Amino acid sequence: MDVRAIAYVMGMTDRVALLLRRAGFGPTAGELDVARRDGAEATAARMTARAVRDHDSHDLSILDLGPDADSFLPDNPQPADRTTALKLRKQQSDLLLRWWLDRMVIAGDQVGEKLVFFWHGHWATALKKVSSPQMMLRQQRVFREAADFAAMSRAMVTDPALLYWLDGHLNSKDAPNENFARELMELFMLGIGNYSERDVKEAGRALTGYWVDFVHTRSVFNKDAHDGSKKTILGKTSGFSPAELINHFLSRRACPEFIAARLWFRFASSTTPPPPDVKARMVAAFPDPRAMLRALFLHEAFAATAGTMVKQPVEWFAGALRQLSVRPKDFSDSVFAHMYSGLNRMGQLPLQPPSVGGWPHGIAWLTPAAAQARLDVASKLAELTDVGVRTPDDLARVLAVDIWTNRTFAALKGVKDVRQMLTLGLCSPEYLVS
Amino acid sequence: MDTVTRRRFLLASGVAGGAAIVSGAVGLGLNELLETAGRGRADGIDPGSGTLVFVTLYGGNDGLNTLVPYTDKAYYAARPGLACPADQVLKINDRLGLNGAMPGLKRLWDAKRLAVIPGVGYPKPDRSHFRSMDIWQTGSPSEVLTTGWVGRWLDAIEAPAETAVSFENVLPPLLAGQKRAGACVSVNGLKLPKGISSKMVASLGRAAGGESELQARAAQSYNDLLRVEGLVQQAAKGPAAAVLPSQPARPATATGGDSVLSAQLSQVAMCIEAGVPTSVYSVSLGGFDMHADELEAQQRLLGQLDTALGAFSDRMQRTDAGRNVVVVVYSEFGRRVRANASQGTDHGTAGPVFVFGPAVKGGLYAEHPSLTDLDDGDLKRTTDYRDVFGEVMRAVLKIEPERYISGHKFAEMNFIAYE
């Protein structure tokens, strides 16, 4: 066994690099240098600080999508008018996606940006059904602006995109549907096993009375359609308004534990559950997600999770763009279309989670079909960048890879062409797993 | 309505993940699978055993609008606006009828080749899509298991990869064992970007000492990719090429096993006709989670299902190998008896299972659950799902169900006429 292999077996993982890879989308060589100088603790504290000041850039302000496409329709719309509206809707949707991808790449506050992506997967809502990019953007503002998980939950219970996605706009006092209530408990706030079927039915009643106003991008509460009568939910009997329901869930012990476990699952390890001590520290920091992450990153158990996460395609993509200094804002239309299709084929098009359960994890991303799409996207990225690399060591530095295995080192050694080298590096098993 | 897709089931389930890592679940090329044709059953598999095809309906299909109790006043009372009108159902007796969108299954019923089993479920129903589907596929209603019952059988006989096959990108829990797993078959060939050779890709796919399990799995995915490519090229030259033209066109957006059911079933049919020794196939159709505006949407989906099943059944009757095929159609749960205000239904409990094939003795195999004697608004099961699986294990695979599903006393159902 040579030195390289020994280093591998010894688990010579760079703690600082691991932190940066997990806390953000993929560190640049410059960011890694700064973090190494400061050390893991100081870096974790800085990145998760409550008021990280981002650099002042117009590109970081909230996008203005303009009004809903249907609001331009004349009174008696003809098929041609509908086609025009559909086109505009698609343009607005693409604009939103491009803006978001660009933010992932340029945001200085990487923890904040990665959390937005996390919450998108947590409250997984798909544009495909919602159809309004304005409502998707509005939902994203909640992820960006809510002070903590408590404030976010209170906003999400009336979020028009989420309501529409889970048929909440059709949920009325006469015969409530329980779709929203079930997912609120199972997937968003408490986790499976922490409620009964009776609780689901009763909570469904508490959520009655909303409708969705697409033109004004908002939900409207109709008191007459709301069931204000007594309900018993998780042992408490009350009239339960939607807000009261959320507060009730927030007060349950299961809630912080569930959120801690979900954060651990996406930032630390999707293969092993959080050790009790980490979980307890994260729960103590609830409902502030940054503080919960800080507790996670500063815990010794975090370093032990190296090698247990497969990068999600969007993490892989945004990280590569950061390291190669390529911005989605600068994509030509044809490059954008190429990347759109690539993300789709890799299985992760932002704004389009496959279901309310959010994105897959782990080996699910490692299918042969995804491998093929990845090669294609990687080679396109390699074509777009000006970043040059000459040796495997250069490449490891640019891509923030700790060390190449003998396998990949051998694969890279004979390669002279920069583009080929970058493509192989981006597709290497070492780069895909963090 | 589309909030739960098949994909998510497969991916959300812890079962597929864990087991697939252990087994290094293979992505098999269709042509590679076809090359196994004529090999005969592997060691440990009864040479006289038949072929099982599982059709999984993801999302919780509304059983009451599939197998309709069209004379029951309680049915119409519970679902004003959502009930199937009596004159539109395809009657199978004086109480029950199939949804009007299912003439194919009705033909099978008339030919006495369709077993209808109403009210199939399990104790203490769980209304989470994900947990309930795991219960069906692992065969364990109480204990959380990480293997499917077919996967446990694959483990026991150390089955080769082609023994159980899914035409999806991701392995369903049903086919996941501890050591072995079914194969996910893809039919797409490989197109590499300019400047990247398959030799380069192969070099990324080599094993490296001391790397993490996930990293090794990432490397493996490049090997799988190349294997498919090599086989496609080989097959284009070899005898298997003759089979290729009959391959169904995959939808243009085939991004992740999301091909429609009829395409999946034609691939199954092709393999069976070619004499591939696969014992268990898994195919699926998603989109049954209809909390709102259900009537027409479900009818459309049932129509798709029926067309695909009808065509498959016709095709199977034309070949010798097809005569040993038994198809089982199920969903993770039925829906609530009462419609909700959105003209949809919420998650419920027991639902009908359909089994058909040349060896199936057509008929009704259980009482339909009462619509008035309910368990908190939900149907009470009249058949345990494990008895249905037990029957096909005994009669089709020729294996003892007790060995692969524990903690259940199997009742004989006798809907299959195997000797």
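Everything quoted here is computed from the prediction, not taken from an experiment.

## Notes on the overall build of chain A
Along the backbone of chain A there are 24 helices and four strands. Taken over the C-alpha atoms alone, chain A extends approximately 75 × 60 × 40 Å along its principal axes. Going through the 434 residues of chain A one by one, you find that 62% of them count as buried. Counting only contacts in chain A whose residues sit at least 6 apart along the sequence, the fraction spanning at least 24 positions is 72%. In the form shown here, chain A has an accessible surface area of approximately 16500 Å², with 53% of it arising from carbon and sulfur atoms.

## Concerning the overall build of chain B
Helix and strand counts for chain B stand at 13 helices and 13 strands. Counting over 419 residues, chain B shows a buried share of 63%. Partitioning the intrachain contacts of chain B with sequence separation of at least 6 by distance along the chain shows that 74% fall at a separation of at least 24. Of the roughly 14800 Å² of accessible surface on chain B, a fraction of 50% belongs to carbon and sulfur atoms.

## Some thoughts on the interface of chain A and chain B
Taken together, the 62 residues of chain A in the interface contact 56 residues of chain B. Taking both partners together, chain A and chain B bury about 4800 Å²; carbon and sulfur atoms supply 62% of that area. The largest contributions to the chain A side of the interface with chain B come from I363(A), Q372(A) and R407(A), which together make up 14% of the buried area. In this structure, R336(B) engages E178(A) in a salt bridge whose closest nitrogen and oxygen atoms are separated by 3.1 Å. Viewed at the interface, chain B and chain A are joined by 16 residue pairs in polar contact (both at pLDDT 80 or more). Ranked by the residues each element gives to the side of chain A that touches chain B, the list is headed by helix 20 (residues 368-384) of chain A, at eight residues. Tallied by class, the residues present in the side of chain A that touches chain B amount to 27 nonpolar, 20 polar and 15 charged.

## Observations regarding the environment of V396(B)
Looking at where V396(B) falls in the secondary structure, it is placed in helix 12 (residues 385-397). Put simply, V396(B) and D46(B) are 350 residues apart on the chain and 9.7 Å apart in space, counted from C-alpha to C-alpha.

## Points about the sheet that holds strand 5 (residues 97-98) of chain B
Residue and element names in this part refer to chain B. The sheet built from three strands is open, its strands ordered 3-5-4 with antiparallel pairing. Lying at the two open borders of the sheet, with one neighbouring strand each, are strand 3 (67-68) and strand 4 (90-91). The sheet contact formed by strand 4 and strand 5 spans two bridges and is antiparallel. Across the sheet, residue K91 finds its bridge partner in strand 5, namely G97.

## Re the packing of aromatic side chains
Scanning the entire structure with this criterion turns up 25 aromatic pairs over all chains. Plain terms: the ring middles of Y365(B) and F415(B) are 5.8 Å apart, the flat faces sit at 75° to each other, and that makes the pair edge-to-face. In this pair, Y365(B) sits in the loop between strand 12 (363-364) and strand 13 (383-384) while F415(B) sits in the segment after helix 13 (401-404), placing the two residues 50 residues apart along the sequence. Classification of F415(B) by relative accessible area gives buried; the value is 0%. Pairwise contacts between aromatic rings join F118(A), W119(A), W123(A), F149(A), F188(A), F267(A), F286(A), F297(A) and F302(A) into one cluster. Taking the ring centre of Y340(A) as reference, the NZ or CZ of K90(A) above it sits at 4.4 Å. Positioned above the aromatic ring of Y431(A) is the side chain of K311(A), whose terminal nitrogen or guanidinium carbon lies 3.5 Å from the ring centre.

## Quick word on the side chain of K311(A)
All names here are of chain A. Considering the arrangement of structural elements, one finds K311 in the loop between helix 17 (300-303) and helix 18 (313-323). For the buried residue K311, which engages in no salt bridge, the nearest side chain bearing the opposite charge is E315, 7.7 Å off. Polar contacts involving the side chain of K311 include one to the main-chain carbonyl oxygen of Y431, which spans 2.8 Å.

## Brief notes about helix 11 (residues 179-189) of chain A
Residues and elements named next belong to chain A. In terms of residue burial, helix 11 counts as a mostly covered element, since eleven of its eleven residues are buried. For helix 11, the set of buried residues is N179, F180, A181, R182, E183, L184, M185, E186, L187, F188 and M189. Positive backbone phi, at 90°, marks G191, one or two positions downstream of helix 11.

## A word on unusual backbone geometry
All names here are of chain A. Backbone torsion omega between F286 and P287 reads 10°, so that peptide bond is classified as cis. Checked against the element boundaries, P287 lands in the loop between helix 15 (276-285) and helix 16 (289-298). Located in the positive-phi region is S131, a residue other than glycine, with phi close to 70°. Among the structural elements, S131 can be located in the loop between helix 7 (127-130) and helix 8 (133-145). Backbone geometry places L351, a non-glycine residue, at a positive phi of 80°. Examined against the element boundaries, L351 turns out to sit in the loop between helix 19 (333-346) and helix 20. Look at L351 and you get buried, because its relative accessible area is 4%.

## Quick word on the pairing of strand 10 (residues 325-331) of chain B
Residue and element names in this part refer to chain B. For strand 10, the buried fraction is high: seven of the seven residues fall into the buried class. Here strand 10 shows two buried faces, one formed by V325, V327, V329 and S331 and the other by V326, V328 and Y330. Pairing analysis gives seven bridges linking strand 2 (residues 51-57) to strand 10, with the strands arranged parallel. Bridging across to strand 10, F54 finds its partner in V328. With three bridges connecting them, strand 10 and strand 11 (residues 351-356) associate as antiparallel partners.

## Considerations on the environment of Q299(B)
Residues and elements named next belong to chain B. Along the polypeptide, Q299 turns up in helix 11 (residues 294-316). Considering only alpha carbons, one finds Q299 and S262, 37 residues apart in sequence, at a separation of 16 Å. In this view, Q299 contacts N99, A101 and E294; residues no more than four positions away in its chain are not counted.

## Quick word on the pattern of salt bridges
Should their charged atoms come close, side chains of opposite charge can pair. Tallied over the entire structure, the rule returns 46 salt bridges over all chains. One salt bridge connects D33(A) with R397(A), and the closest N-O pair in it is separated by 3.5 Å. In this pair, D33(A) sits in helix 3 (residues 29-38) while R397(A) sits in helix 21 (residues 392-398), placing the two residues 364 residues apart along the sequence. Close ionic contact of R253(A) with E257(A) constitutes a salt bridge, the shortest N to O distance being 3.3 Å. With relative accessibility at 27%, the residue E257(A) sits in the partly exposed group. It is possible to trace a salt-bridge network through shared partners that takes in E178(A), R182(A), E197(A), R127(B), R336(B) and D378(B).

## Some remarks on the side chain of Q137(B)
Residue and element names in this part refer to chain B. The topology assignment puts Q137 in helix 6 (residues 129-138). Only 3.3 Å separates the side chain of Q137 from the side chain of Y58, close enough to count as a polar contact. A polar contact is formed between the side chain of Q137 and the backbone nitrogen of L174, at a distance of 2.8 Å. In contact with Q137, other than residues within four places in its own chain, are T56, Y58, G148, W149, P172, P173, L174 and Y330.

## Observations concerning the nonpolar core
Residues W123(A), L184(A), F188(A), M189(A), F249(A) and F317(A) are the most contacted members of the largest nonpolar core, which totals 150 residues. Once residues lying within four places of it in the same chain are set aside, the contact partners of M189(A) are W123(A), F149(A), S153(A), L184(A), I246(A), F249(A), L250(A), A254(A), C255(A) and F258(A). Core analysis: the second largest hydrophobic core is formed by 49 residues, A42(B), A115(B), M133(B) and M413(B) among them.

## Points about the confidence of the model for chain B
All names here are of chain B. Per-residue confidence for chain B averages 82 on the pLDDT scale, and 82% of its residues sit at or above 70. When the criterion is pLDDT under 50, residues 231-259 qualifies, and its contacts beyond four places in sequence or with other chains add up to 42 contacts. Scored as a whole, the predicted complex attains pTM 0.72, and scored at its interfaces, ipTM 0.90.

The rules behind these values
Residues numbered from 1 in each chain as written. Chains lettered and ligands numbered in written order. Predicted model: local features only at pLDDT ≥ 70, side-chain atom pairs only at ≥ 80, totals over all residues. Heavy atoms only, no water. Helix = DSSP H or I, 4+ residues; strand = E, 2+ residues; numbered from the N terminus. Buried < 20%, exposed > 50% of the residue type's maximum accessible area, 1.4 Å probe, protein only. Contact = heavy atoms within 4.5 Å. Areas by Shrake-Rupley, 256 points an atom, 1.4 Å probe, with all protein chains shown as cover. Buried area = accessible area lost by both parts, 1.4 Å probe. Salt bridge = Lys/Arg side-chain N within 4 Å of Asp/Glu carboxyl O. Polar contact = N/O pair within 3.5 Å; in protein donor to acceptor, adjacent residues only side chain to side chain. Nonpolar A, V, L, I, M, F, W, Y, C, P; charged D, E, K, R; others polar. Pairing = 2+ DSSP bridges. Phe/Tyr/Trp six-rings, centres within 6.5 Å; stacked < 30°, edge-to-face > 60°. Lys NZ or Arg CZ within 6 Å of the ring centre and 35° of its normal. Lys, Arg positive; Asp, Glu negative; His and termini not counted. Core = buried A, V, L, I, M, F, W, Y, C linked by side-chain atoms within 4.5 Å. pLDDT = per-residue confidence, 0-100.

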